[in-house]
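# Results of the structural survey
Chain residues, written in single-letter form:
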Amino acid sequence: MAKKKKRVLVAMSGGIDSSVSAIKLHEAGYEVIGITMKTWNYQSGCSTKKQIGCCNLDTINDAREVAARIGFPYMVLDIRKTFGEHVVNHFVSEYVAGRTPNPCVLCNTHIKWDALRERADELGCDYLATGHYAQVKEEKGRYVLYRSNDASKDQTYALWGLSQANLKRTLFPLGHLKKSEVRAFAAEKGFSNLVSKSESYEICFIPDNDYRGFLKRRVAGLEEKVKGGDFVLSDGTVVGKHEGYPFYTVGQRKGLKIALGYAVYVTAIDPKTNRITVGKFDELARDGMYVHQLNMVKYKQIPNYTEAMIKIRYNGPSYRGIVLNEGERLKVFFGEGVHAIAPGQAAVLYTASGEVMAGGWIASSFRQQRIFKSKAV
């Protein structure tokens, strides 16, 4: 009796990465079903003829064309309601709370993978797959997320929240490849349109990248409520007026419109008083942070005083840190020199070899508890 093909549901955005993933799995003998998750209303906010971003009509048609040419079924899954309730509303509420959210991490963790797995179960799929640059390996009964072989494209920072159940079912066909190899493969297969297609890096529901305008449209009267608060120095000296605390982030330098004779940065945001503290670059330095709402990946619990490499922003460097357990949160010591730790952003902890130990959301940061010096790598 012939061995039954493994069936895999492939999330397709219409771009080169997810398209190549689907093609490679098809060539490897999997029974592929392509799916695009429509997360946002593509008619709104699009001012160009060729729409940019995911889940719009152009990208849906691009994904459907790949499926038709290769010869596997394709469908569209509408998750706009769930996405709006959980991701968009959270995005707005975090800024209103004076924090800096990361909607892509939240979407991957709580929306996309759960929606994919539910549909995969309905369709009798053994696996689900995406075009992310990451790897999954089984170790001692746990499914561990690893950095991609292409360090410049690694996307594990956005995937730390995936549960063990979801990691067990997930395939990342591009995890061992370089982006150049993916482009070469698409060209070889005759998909020159994918090779030349621009990649989207903006937040999918903010195609113009103007999150301030989005907040103003989303929250009635927000600008009038928060405009005119004080910019202050660390000693409380008022040095100017700002446009409203939700429109700034920790570490921001541009657009402050403050003339003090030296460069100043946002060092703290207080939504209760509508005050924004600014200071010199050195005043952004923090010795550590607290991370909560954790997802453990490599370990069920990280041993105390474990050394980790830690990322606090998607495109930022990694920093060496020491980790302590404090109940349902982690206390991370960096030493001196780690700047612009923004509450609300994700923190991802790695081993030296690139395994994801755990991830969580930055709750707060602290100073003057140094136990060693930390260097970015």
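Refer to the preceding data block for the structure.
Values in this document were obtained by computation on a predicted structure and should not be read as measured data.

The next subject is the sheet that holds strand β11 (residues 275–279). Spatial strand order, β9-β8-β11-β10: four strands in an open sheet with mixed pairing. Each having just a single partner strand, β9 (238–241) and β10 (265–270) make up the two edges of the open sheet. Averaged over all adjacent pairs, the angle separating strand axes in this sheet is 30°, with direction ignored. Pairing of strand β8 (residues 230–232) with β11 involves two bridges; the strand directions are parallel.

Turning next to helix α6 (residues 179–188). Three or four residues apart is the spacing at which side chains of an α-helix point the same way, because the helix has 3.6 residues per turn. If you check which residues of α6 are buried, you get K179, V182, F185 and A186. Seen along its axis, α6 keeps its buried residues to an arc of 120°; they face one direction. In α6, the exposed positions angled more than 90 degrees off the buried face are occupied by S180 and E188. On the buried face of α6, the contacting elements are α1 (16–27) and α7 (192–196). Among the residues trailing α6, G190 stands out with phi positive, at a value near 90°.

Next up on the list: the pattern of salt bridges. As enumerated under the stated definition, the model contains 18 salt bridges in all. Among the ionic pairs, E139 bridges to K298, the shortest N-O distance being 3.1 Å. Separated by 159 residues along the polypeptide, E139 in strand β5 (residues 134–139) and K298 in the loop between β12 (285–296) and β13 (306–311) bring together distant segments of the chain. Its relative accessible area of 19% is what places K298 among the buried residues. Bridged by salt links that share partners, the residues E139, K298 and E355 form one connected network.

What follows covers unusual backbone geometry. Generally, phi is negative for residues other than glycine and the peptide bonds are trans, each holding for most cases. Here K257, not a glycine, exhibits a phi torsion of approximately 60°, which is positive. Positive phi values are uncommon outside glycine, yet Q293 reaches one of about 50°. Structurally, the position occupied by Q293 is in strand β12.

Bringing the packing of aromatic side chains into the picture now. This structure, assessed with the given rule, holds 15 aromatic pairs. Both rings, one in W113 and one in F172, keep their centres 6.4 Å apart while their planes meet at 55°; by these two values the pair is tilted. Highlighted residues: W113 in helix α4 (residues 103–122) and F172 in the loop between β7 (170–171) and α6, separated in sequence by 59 residues. Neither W113 nor F172 differs from the other in exposure class; each is buried. Between the aromatic rings of Y157 and Y314, the centroid separation amounts to 5.9 Å while the plane-to-plane angle is 85°, which identifies the pairing as edge-to-face. Taken as a pair, Y157 in the loop between β6 (142–147) and α5 (164–169) and Y314 in the loop between β13 and β14 (318–326) lie far apart in primary sequence, 157 residues in all. Among the aromatic side chains, those forming a connected cluster through ring pairs are F83, F91, Y95, F205, Y211 and F214. Across from the ring centre of Y290, 3.8 Å away, lies the NZ or CZ of R329, which sits over that ring.

Rules used throughout
Residues numbered from 1 in each chain as written. Predicted model: local features only at pLDDT ≥ 70, side-chain atom pairs only at ≥ 80, totals over all residues. Heavy atoms only, no water. Pairing = 2+ DSSP bridges. Helix = DSSP H or I, 4+ residues; strand = E, 2+ residues; numbered from the N terminus. Axes fitted to C-alpha atoms, helices over the stretch in contact; angles between N-to-C directions. Buried < 20%, exposed > 50% of the residue type's maximum accessible area, 1.4 Å probe, protein only. Arc of directions from axis to C-beta. Contact = heavy atoms within 4.5 Å. Salt bridge = Lys/Arg side-chain N within 4 Å of Asp/Glu carboxyl O. Phe/Tyr/Trp six-rings, centres within 6.5 Å; stacked < 30°, edge-to-face > 60°. Lys NZ or Arg CZ within 6 Å of the ring centre and 35° of its normal.

Taken by themselves, the reported measurements are silent on function.
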